[in-house]
Amino acid sequence: RPQVSFALELEFSCSVLLDRAEVTLEASSDSTEATPEDNVVRLSAPIRYEPDLFLSSDANLHRYEVHPLGTFPHGHGPEFKTTVKVQNFGCYPVRNLTLRMALPALGYHRATFLSVTRVLADNVS
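Residues numbered from 1 in each chain as written. Predicted model: local features only at pLDDT ≥ 70, side-chain atom pairs only at ≥ 80, totals over all residues. Heavy atoms only, no water.

Draft legend 1. Up close: the layout of surface pockets. In this model, the second largest pocket occupies a volume close to 400 Å³. In terms of lining residues, the second largest pocket is bounded by 12 residues, among which Pro-2, Val-4, Ala-27, Asp-38 and Asn-39 are the most central. If you list the elements that add at least two residues to the lining of the second largest pocket, you get β1 (20–26) and β2 (40–46). Within the lining of the second largest pocket, the residues separate by chemical class into seven nonpolar, two polar and three charged. (1 Å grid on protein atoms, 1.4 Å probe; cavity = no way out; pocket = protein on both sides within 12 Å on 5 of 7 lines; lining within 4 Å. Points joined across faces, edges and corners; volume = space filled by probe spheres on them. Helix = DSSP H or I, 4+ residues; strand = E, 2+ residues; numbered from the N terminus. Nonpolar A, V, L, I, M, F, W, Y, C, P; charged D, E, K, R; others polar.)

Draft legend 2. Representation of the environment of Ser-57. On the secondary structure map, Ser-57 appears in strand β3 (residues 53–59). Since its relative accessible area comes to 58%, Ser-57 is described here as exposed. Beyond its immediate stretch of four places on either side in the chain, Ser-57 contacts Thr-83 and Val-84. (Buried < 20%, exposed > 50% of the residue type's maximum accessible area, 1.4 Å probe, protein only. Contact = heavy atoms within 4.5 Å.)

Draft legend 3. Seen up close, the environment of Met-101. When you line up the elements, Met-101 lands in the segment after β4 (82–88). Judged by relative accessible area, Met-101 falls into the partly exposed class, the value being 46%. Measuring from C-alpha to C-alpha, the distance between Met-101 and Val-84 comes to 9.6 Å, with 17 residues separating the pair along the chain. When sequence neighbours within four positions are dropped, the list of residues in contact with Met-101 reads Thr-82 and Val-84.

Draft legend 4. Fine view of the state of the cysteines. By the definition in use, this model includes one disulfide. Here Cys-14 engages in a disulfide with Cys-91; their sulfurs sit 2.0 Å apart. What sets the handedness of the Cys-14 and Cys-91 disulfide is the S-S torsion sign, and at about -45° it is left-handed. Placement of Cys-14 in the segment before β1 and of Cys-91 in the segment after β4 is noted, with a sequence separation of 77 residues between them. In this structure Cys-91 comes out as partly exposed when scored by relative accessible area, which is 29%. (Disulfide = S-S within 2.5 Å.)

By themselves, these figures tell us nothing about what the structure is for.
What follows is the structure in structure tokens.
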């Protein structure tokens, strides 16, 4: 019994979002078929779109030395600024996205060495 194998690779447009892909395959021959319905197959599969999110960050300090207890200079140290950017390269808008950041703030004997002074958030489309 002869068999044929092949792969289909489909590329979808972001302008029209579909929930299913349907493919009909039909084989024909020069001879008369006893059961021609065996030569047709219809395939249907759900389409799932994945979010294509890209997370990047940039900071003005890439290294800061924390001194042992008692040798730390009094007052504030240098200002540390970090920018975190979430970009959506996917086909559809992502809603209710939450970004959580854990920043180390306490050292030995719960001594504070980092405090958040300002958070700015922009929702850029």
